[in-house]
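Listed here are the chains, written in short residue letters.
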Amino acid sequence: MKSILVIAQNTYREIFRDRILYGLMVFGVLLILLSLALGELSFSEQSRITINFGFTAIHIGAMILSIFVGSTLVGREIEKKTIMTLLVRPISRTQFLIGKSLGLMAVIFASILILALVLFGILATLHQSLSWDFLVGLYGVFLEAMLLLGVTLFFGTFASPILSVSFSIGIFLIGHWLDSLKFFTEKSSSPAFRYLGRITSQVVPNLEYFNWRTLSIYETKMPLSQVLMASAYAMAWSALLVAAAAAILRKRDFG
Amino acid sequence: MSILKIEKLNKSYVRGFIPKTYKVLHDVSFELPSRSVTGFLGGNGAGKTTTIKCLLGLAYPDSGEITFFDGQPLSENVKRRIGFLPERPYFYEYLTGVEFLRFYGQLSGTMKKNVLEDRINALLKRVDLFHAKDKRLREYSKGMVQKIGVAQALIHDPELVILDEPMSGLDPDGRFYLAEIIREAANEGRSVFFSSHLLPDAEALCQRLVILKSGTMTYQGPLDTFLQKMGEAAIITFLASGTKQTVRVETEADLQTELSKLIRQGASIEAVKKDRNLEQAFIKMGLRGDGT
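It should be emphasised that the depicted structure is a prediction, and the values quoted were computed from it without experimental measurement. (Residues numbered from 1 in each chain as written. Chains lettered and ligands numbered in written order. Predicted model: local features only at pLDDT ≥ 70, side-chain atom pairs only at ≥ 80, totals over all residues. Heavy atoms only, no water.)

Quick look at the overall build of chain A now. Along its length, chain A carries 11 helices and zero strands. Beginning at the N terminus, the succession of helices and strands in chain A can be written as α-α-α-α-α-α-α-α-α-α-α. A compact globule built from 255 residues should have a C-alpha radius of gyration of about 18 Å, and chain A, at 20 Å, falls within 12% of that. With the principal axes as the frame, chain A shows a C-alpha extent of 60 × 55 × 30 Å. Considering chain A as a whole, with its 255 residues, one finds that 51% of them fall into the buried category. Put simply, 80% of the contacts in chain A that link residues at least 6 apart link residues at least 24 apart. Per element, the accessible surface of chain A, about 12000 Å² overall, is 70% carbon and sulfur. Distance between charge centres in chain A, computed from 20 positive and 13 negative side chains, equals 12 Å. (Helix = DSSP H or I, 4+ residues; strand = E, 2+ residues; numbered from the N terminus. Rg over C-alpha atoms; globule rule 2.2 N^0.38 Å. Buried < 20%, exposed > 50% of the residue type's maximum accessible area, 1.4 Å probe, protein only. Contact = heavy atoms within 4.5 Å. Areas by Shrake-Rupley, 256 points an atom, 1.4 Å probe, with all protein chains shown as cover. Lys, Arg positive; Asp, Glu negative; His and termini not counted. Charge placed at Lys NZ, Arg CZ, Asp CG, Glu CD.)

In this section: the pattern of salt bridges. Oppositely charged side chains can pair when the atoms bearing their charge come close. For the structure shown, the criterion picks out 19 salt bridges over all chains. Across the salt bridge formed by Arg198 of chain A and Glu186 of chain A, the nearest N and O atoms sit 3.2 Å from each other. Remark: Glu186 of chain A occurs in helix α8 (residues 161-187) and Arg198 of chain A occurs in helix α9 (residues 191-203); sequence separation between them is 12 residues. For Arg198 of chain A, a relative accessible area of 41% puts it in the partly exposed group. Assessed through its relative accessible area of 40%, Glu186 of chain A is described here as partly exposed. With its nearest N and O atoms 2.8 Å apart, the salt bridge here joins Arg102 of chain B to Glu117 of chain B. In this pair, Arg102 of chain B sits in helix α3 (residues 97-107) while Glu117 of chain B sits in helix α4 (residues 113-126), placing the two residues 15 residues apart along the sequence. Classification of Arg102 of chain B as partly exposed rests on a relative accessible area of 28%. In the salt-bridge network here, residues are joined through shared partners; they are Glu14, Asp18, Arg76, Glu77 and Lys100 of chain A. (Salt bridge = Lys/Arg side-chain N within 4 Å of Asp/Glu carboxyl O.)

With that out of the way, let us pick up the nonpolar core. In this structure, Phe226 and Leu278 of chain B are the most contacted members of the largest nonpolar core, which totals 158 residues. Broken down by element, this core gets its largest block of residues, 14 residues, from helix α7 (residues 132-156) of chain A. Look past the residues within four positions of Leu278 of chain B in its chain and what remains in contact with it is Leu41, Leu199, Ala202, Glu203, Leu209, Leu223, Phe226 and Leu227 of chain B. Listed in part, the nine residues of the second largest apolar core include Phe238, Val249, Leu259 and Leu262 of chain B. (Core = buried A, V, L, I, M, F, W, Y, C linked by side-chain atoms within 4.5 Å.)

What follows deals with the interface of chain B and chain A. Across the boundary between the two partners, chain B contributes 30 residues, which contact 29 residues of chain A. Carbon and sulfur atoms supply 55% of the area that chain B and chain A bury against each other, a total of about 2900 Å² over both sides. Of all residues in chain B, Leu58, Tyr94 and Leu107 of chain B bury the most surface against chain A, accounting for 25% of the area lost on that side. In this assembly, chain B and chain A are joined by two salt bridges. Lys11 of chain B is the salt-bridge partner of Asp253 of chain A, the closest N and O atoms lying 2.5 Å from each other. (Buried area = accessible area lost by both parts, 1.4 Å probe.)

A few words on the sheet that holds strand β10 (residues 234-240) of chain B. All names here are of chain B. The antiparallel open sheet is built from three strands, whose spatial order is β11-β10-β12. Bordering the open sheet on either side are β11 (243-249) and β12 (268-274), each of which pairs with just one other strand. Between one strand axis and the next, the sheet turns through 20° on average, direction left out of account. Judged from the seven bridges that link them, β10 and β11 form a sheet pairing that is antiparallel. For Ile236, the partnering residue across the bridge sits in β11 and is Val247. (Pairing = 2+ DSSP bridges. Axes fitted to C-alpha atoms, helices over the stretch in contact; angles between N-to-C directions.)

Structure follows, in structure tokens:
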């Protein structure tokens, strides 16, 4: 367990010392600030636009971290051969993978927190009261990022970073359009197309389960049971994907 | 005590769009006694790095047995007793020297925090990097990276140190300094196993050799025995007609003949020096170059 934490801590430090993260943070903050300017153009919708832009910035930031940083998380260690000096230490390949994932998850969590604080600060100046639904919305973004990180890690163990990013973006898009895909394929007259739709909905995670970003705008309440179900769904997918990635990594020759 | 024993190690790789199998190691077997400095030699592509990867669990052999410390297979406990420096190392350049060694020290297991901190400082002084301990590795020169790499291999006080081409790409100063560190490690009772294609360095450091050619082991044993086997060349320095001259002979018989001839001619023999070195022995064995 200690080895996993040491690797996680090092991964956290690696990403936090990378300029990409700062670029991403600046982009997120600018997007949130842009909402102030856009809000001025609308009548009495300032808070709604700010919340919408704020959640979009946080969502995009978390997904970029999951997909782009996640795709190089293991690949870079293999390419630069740093993995060789790690795996000759008393740690297993699975522990290495879990440590790397936990490190990036901690960065994603911290990034969501930082951008959320900026958003909360702006909303406070607009005298917008904060509700529990904000946190539920943020938690949804984190769950989606965690699941997507599992997807990227899985692809990253056998594909190049570019392919891994492409596959993960594909899963991200299909994952958000899965309900529409199911709806339209079921309406199709072609049995093959209907079958394809069913198979896709089985093998691709439904990322709309975590889309709670508009709750605070429309003041909709999310039942706790649904939050717990979605958490279990995200964790099960992540565990499955990390286990599959670990199984591939265990078979690999390095160097 | 055998610190490492490899028996009938075979390894092949499958490469290419149309998969083709390339056999890299053929029944490689050798043994390292404890407290020895062993050079692992062979041309480029001879299979040195593949052997090292197999023995450290970084690549899976097709067949063969690898044991450490009198018959133990590679395990977490065995890994705690081994230090390793890969070829052309690239390290986490965002870490400072101290953070880098702390990271590997923590990963290696059981050292208490204060013991680890003391060891980090001692090693940084020993590899002459204490002045750069708070600099990030991206600011280190190639020689400094190699030195910190050796320090990470020694951070957990290992019994066996495996170095893959540690001298490669270093300037003469860097090679000299690294040779000193290897000597010190050996003097502390560690077994050192290092691959190299820089024969003068290997000759200066090793007591034993393991030599690979095209994935097949061609020699294992003491360095002296190898050199003796490989030839009896000598250089005769003599004075004739008031001028100093030298002549090189290849065999013991030639030496005797040449000496008799020179004495008969009235030359004054000044010195007879055996002229054998690893480089020449390699050329003689056809081991130089690409390992073929």
